[in-house]
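# Descriptive analysis of the structure
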Amino acid sequence: INATTSHIGEALRELTGGHGADVIFDPVGGEPSDEAVQGMAWGGRLVLIGISAGFPTLNPLDMIGRTYSVIGAALPNRTVPSGSRLLRTWINSSAAENSRYRSKVGTLSRKHPR
């Protein structure tokens with residue numbers, strides 16, 4: 001999604017057929033994060049990896065109403081390529097797990113292995 005030409009939340013809704021994103025990995029924060037949250041699915045999760053654009057404006061009533069959560073994550077002591085590989089692996093395994101259970105369970109919550 002090109003954030004300079006599109007509203008991130010609207011683009012996420014369009015790309016997912018109106019469902020919204022189950023997980024958003026956000027390395028920017030700030031206004032782009034605020035837009036992205038508007039395109040998050042019910043029960044989704046925003047993972048803040050960075051805040052180079054500032055802190056996102058999170059509305060607790062919206063979080064409760066749409067039952068989404070926000071967590072902070074970091075990949076400490078990793079090079080960019082190894083951190084990217086780790087993140088891709090986690091995304092792919094999470095997507096496979098979610099698609100396997102989506103027909104049986106409306107929303108699947110997955111804890112990241114420690």
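Above this note sits the structure.
To keep things clear, this report deals only with the structure shown in the data block. (Residues numbered from 1 in each chain as written. Predicted model: local features only at pLDDT ≥ 70, side-chain atom pairs only at ≥ 80, totals over all residues. Heavy atoms only, no water.)

Further remarks concern the packing of helix α1 (residues 8–15) against helix α2 (residues 30–37). Where α1 contacts α2, the two axes come as close as 6 Å, and the packing angle between them is 35°. Viewed along their axes, α1 and α2 form a crossing whose handedness is right-handed. Between α1 and α2, the contacting residues are I8, G9 and L12 on the first element and P32, E35 and A36 on the second. (Axes fitted to C-alpha atoms, helices over the stretch in contact; angles between N-to-C directions. Helix = DSSP H or I, 4+ residues; strand = E, 2+ residues; numbered from the N terminus. Left-handed = near helix turned anticlockwise from the far one by under 90°. Contact = heavy atoms within 4.5 Å.)

Here E35 is to be found in helix α2. Comment: no salt bridge for buried E35; closest opposite-charge side chain is R13, at 13 Å. (Buried < 20%, exposed > 50% of the residue type's maximum accessible area, 1.4 Å probe, protein only. Lys, Arg positive; Asp, Glu negative; His and termini not counted. Salt bridge = Lys/Arg side-chain N within 4 Å of Asp/Glu carboxyl O.)

All of the buried residues in α1 are I8, G9, A11 and L12. One side of α1 carries all its buried residues, which in axial view fall inside an arc of 165°. Facing away from the buried side of α1 by more than 90 degrees, the exposed set consists of E10 and E14. Buried residues along α1 sit in contact with β1 (21–26) and α2. Looking one or two places after α1, you find G17, whose phi comes out positive at around 65°. (Arc of directions from axis to C-beta.)

Right, let's talk about the nonpolar core for a bit. Residues I8, L12, A21, I24, A36, V37, M40, L46, L48 and Y68 constitute the largest nonpolar core, which totals 10 residues. Listing elements by their share of this core, those giving two or more residues are α1, β1, α2 and β2 (40–48). At 3 residues, the largest contribution of residues to this core is made by β2. Residues within four places of Y68 in sequence aside, it is in contact with V37, M40, G43, G44, N59, D62 and M63. (Core = buried A, V, L, I, M, F, W, Y, C linked by side-chain atoms within 4.5 Å.)

These results come straight from atomic positions and should not be treated as a statement about function.
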